[in-house]
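Architecture at a glance
The chain contents come next:
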Amino acid sequence: MADFVVIGAGFTGLACSRRLAELFPTATILVLEADRIGAANSGRNSGFLLDISFYDDPPPAIRAARTRLQRGGLEELRRVVSDYHISCDWQARGHLYAAITDDEDRYLSRLAVRYADAGAPMEECPADRVSEVTGSSRFLRGLFHPGTVLVQPVALIRGLTTSLPGNVQLYENSGVRRLERRGSVIVVQTDKSRITAQKVFVCANGGTPGLGYGKNRLLKVSTFAAMTPVLDGWPGAFGEAESFGLLPTLLGGATLRKTKDGRLLVRQGAAFTPAGCPSAAEFGRFSEQARATVKRLWPELAKVPFEFIWSGVMSLTRNTGQVFGELAENVFVSAFCNGAGNTSGTMAGKLLADLSAGRSSDLLSDQMSLPSPRWVPPDVICGFFVNRQIAAENRKLEEVCEMTDLEPILSASTARALPWTPG
Ligand SMILES: Cc1cc2nc3c(=O)[nH]c(=O)nc-3n(C[C@H](O)[C@H](O)[C@H](O)COP(=O)(O)OP(=O)(O)OC[C@H]3O[C@@H](n4cnc5c(N)ncnc54)[C@H](O)[C@@H]3O)c2cc1C
């Protein structure tokens, strides 16, 4: 019998189990992870630890609560990385937003107002400054926010795992199939075992509806990423900065990073994937989009091959709402951190442990004040609307990017579908 079982070893589940171990140092805590550590979203993302994010425009009180939670999550990660000397290319460098089109330029102005309203620092970056940092002269202008930290996410997730307190045991390749109540305890069923627990913490993000919670609330939309080899020796390799992170101004745009070891990472595109995995055709479309983005921004890098190409499911909700709370007796759930879950998931996981222990705090009140996800229709109807929006984003991209005359790149079937290798 375990005291606590935590399902999922992403940012949310790891923060939850660490906090449980702090609060209950003699408790037996098991973490069950369906995949290998770092192979799921928390390891395969773009590595932005955001202290604030604005892709929607919620009421001011919700925006303020979300910002406090993201900052709390970032501080928690900073503390653990520093206390345990986790080597994860931690770079407190901030990030850029930059505009290529007039539309994006207008959006930058709106973004600047939202950051100012939230009291968050944001500096204007004229085109020549963006060009110095990124090496691309295609940007019209940019905004710089200093609060973001960039990391190598697989290395961070592995470091968070190996630094867990001694009373936490973690099992990989241990997907939970079912939860069953037996009197006052819960039986957790995996393919290989049945574990009885006093309390269960579901931190499985996209896997949550499969365990009976958050059904008809989740939009499984995949996004894609590709990374070049180290660019030493390529003529005109981009930018003066040792590294940088650039977020798109509009949702359909590309996230770009120059990593500390000198690779270019492009995260772009979307596909509605209720079954969890994009098709070969969707990978193919992304390959062309990523190639066109590189060619447009850094023409001299147009022939650089991608060494890695992969996708991951963003667990989105219609209103960026989250599932959070004790949803059945002794079953605690935190799910659907939408596109910026590295910091918000960390905070939510920690607060879920606090909630189960009956602790209160201003941050827990903030978390409880966030809206629940709105209902979504069945996949076939959702697919129609989401695909229509994705097609519109793709058309917009194709208008601004030259999608013809592209060098072939590593195809999805031959590319190693791996997230980042540890640093
Ligand atoms: C390509 C890409 C780029 C992104 N970039 C960023 C970024 O730069 N910054 C940012 O903040 N966010 C980013 N995101 C989003 C971010 O990855 C997620 O918000 C974050 O990983 C959420 O953490 P989590 O722990 O809640 O969920 P997850 O990371 O999804 O972790 C849930 C875990 O539960 C496991 N699981 C699921 N079902 C079960 C089950 N039945 N039994 C056992 N285990 C189970 C999964 O395998 C997984 O490891 C990106 C996402 C993608 C796909």
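Residues numbered from 1 in each chain as written. Predicted model: local features only at pLDDT ≥ 70, side-chain atom pairs only at ≥ 80, totals over all residues. Heavy atoms only, no water.

1. Some words on the domain arrangement of the protein
By a widespread convention, an interface's size corresponds to the accessible area lost as its parts come together. Our working definition: Where each domain begins and ends follows an automated or database-derived domain assignment. Contacts are residue-level and defined by heavy atoms, with any inter-residue pair within 4.5 Å sufficient. Here the quantity called buried area is the accessible surface, traced with a 1.4 Å probe, that two parts lose on coming together, added over both. By convention in these notes, a salt bridge is any Lys or Arg side-chain nitrogen within 4 Å of a carboxyl oxygen on Asp or Glu. We define a polar contact as two N or O atoms separated by no more than 3.5 Å, with the added condition that, inside protein, one atom must be a possible hydrogen donor and the other a possible acceptor, whereas residues neighbouring each other in sequence contribute only through side-chain atom pairs. Put simply, DSSP marks the helices as runs of H or I at least four residues long and the strands as runs of E at least two long, and each gets a number from the N terminus on. Charged means Asp, Glu, Lys or Arg here, nonpolar means Ala, Val, Leu, Ile, Met, Phe, Trp, Tyr, Cys or Pro, and polar covers whatever is left, Gly included.
Each assigned domain of the protein is listed here: domain 1 (1-93 + 149-217 + 321-374), domain 2 (95-146) and domain 3 (219-316 + 377-423). Taken together, the contact pairs 17 residues of domain 2 with 15 residues of domain 3. Ranking the residues of domain 2 by area buried against domain 3 places V133, T134 and R138 at the top, with a combined share of 27%. Where domain 2 touches domain 3, the interface holds 0 salt bridges. The interface formed by domain 2 and domain 3 holds 5 residue pairs in polar contact (both at pLDDT 80 or more) in total. Listing elements by their share of the side of domain 2 that touches domain 3, those giving two or more residues are β4 (95-99), α3 (102-117) and α4 (127-134). Grouping the amino acids of the side of domain 2 that touches domain 3 by side-chain chemistry returns 8 nonpolar, 5 polar and 4 charged.

2. Some words on the packing of aromatic side chains
The following threshold applies: Here the aromatic set is Phe, Tyr and Trp, taking the six-membered ring for Trp, and pairing holds for ring centres within 6.5 Å; pairs whose planes are under 30 degrees apart are stacked, those over 60 apart are edge-to-face, and all others are tilted. Whether a residue is buried, partly exposed or exposed follows from its accessible area with a 1.4 Å probe, protein chains only, as a fraction of its type maximum: under 20%, in between, or over 50%, in that order.
All chains considered together, the criterion is met by 7 aromatic pairs. Ring geometry for F4 versus F201: centroids 5.9 Å apart, planes at 85 degrees, classification edge-to-face. Taken as a pair, F4 in strand β1 (residues 2-7) and F201 in strand β11 (residues 194-202) lie far apart in primary sequence, 197 residues in all. An identical accessibility class is assigned to F4 and F201; each is buried. Judged by centre distance (5.3 Å) and plane angle (15 degrees), the ring pair of F201 and F332 falls under stacked. Residue F201 is located in strand β11, and its partner F332 is located in strand β18 (residues 331-335); the two are separated by 131 residues in the primary sequence. Taking relative accessible area as the criterion, F332 reaches 2% and is therefore assigned buried. Pairwise contacts between aromatic rings join F4, F24, F201 and F332 into one cluster.

3. Looking at the packing of helix α2 (residues 60-83) against helix α7 (residues 341-356)
Describing two packed helices takes the angle between their axes plus the distance from one axis to the other. Quick reminder of the rule: Axis definition: a line fitted to C-alpha atoms, limited for helices to the stretch in contact. Angles are taken between N-to-C directions and run from 0 to 180 degrees. If an angle is under 35 degrees, it is roughly parallel; if it is over 145, roughly antiparallel; if it lies from 65 to 115, roughly perpendicular; otherwise it is oblique.
With their axes 7 Å apart at the nearest point, α2 and α7 run at an angle of 85 degrees to one another. Relative to α7, the element α2 is oriented roughly perpendicular. Together, L69, Q70, G72, G73, L74, E76 and L77 of α2 and N342, T343, S344, T346, M347, K350 and L351 of α7 make up the contact between the two elements. Looking at the contact of α2 with α7 residue by residue, the class counts come to 5 nonpolar, 7 polar and 2 charged.

4. Describing the pattern of salt bridges
Evaluated as defined, the whole model comprises 21 salt bridges. In this structure, E76 engages R79 in a salt bridge whose closest nitrogen and oxygen atoms are separated by 3.1 Å. Highlighted residues: E76 and R79, both in helix α2, separated by 3 residues, approximately one helical turn. We classify E76 as buried; its relative accessible area is 8%. Close ionic contact of R141 with D105 constitutes a salt bridge, the shortest N to O distance being 2.6 Å. With R141 in strand β6 (residues 141-145) and D105 in helix α3, this pair connects stretches of sequence that are 36 residues apart. A relative accessible area of 23% means that D105 is categorised as partly exposed. Among the charged side chains, a salt-bridge network with shared partners connects R19, E22, E76, R79, D83, K350 and D354.

5. Digging into the sheet that holds strand β16 (residues 308-316)
Two modes of strand pairing occur in sheets, parallel and antiparallel, and in both the strands are linked by backbone hydrogen bonds. Filter applied, for reference: Pairing between strands requires that DSSP locate at least two bridges from one strand to the other.
Spatially, β5-β6-β4-β13-β14-β15-β12-β16 is the arrangement adopted by the 8 strands of the open sheet, whose pairing is mixed. In this open sheet, the two edge strands, each paired with only one partner strand, are β5 (123-126) and β16. Averaged over all adjacent pairs, the angle separating strand axes in this sheet is 25 degrees, with direction ignored. The strands that α3 touches are β4 and β6; relative to β4, the one it contacts most, it runs at about 140 degrees. Relative to β5, α4 is tilted by about 80 degrees, and along the sheet it contacts β4, β5, β6 and β13 (244-247).

6. A closer look at the site of the ligand
Which entries qualify depends on this criterion: By convention in these notes, a residue is near a molecule or strand provided one of its non-hydrogen atoms lies within 4 Å of it. Reported accessibility uses the Shrake-Rupley method at a 1.4 Å probe radius. Residues are deemed covered only where the shown protein chains occlude them.
Near the ligand, the surroundings consist of 32 residues, among which T12, E33, S42, F48 and V176 are the closest. Contacts to the ligand include N342, whose backbone N or O atom sits 3.0 Å from an oxygen atom. Burial of the ligand by the protein amounts to 92% of the accessible area it has alone, namely 1000 Å². Where the shell around the ligand is concerned, the elements lending two or more residues are α1 (11-23), β16 and α7. Tallied by class, the residues present in the shell around the ligand amount to 11 nonpolar, 18 polar and 3 charged. For the shell around the ligand, the two domains that each supply at least three residues are domain 1 (1-93 + 149-217 + 321-374) and domain 3 (219-316 + 377-423).

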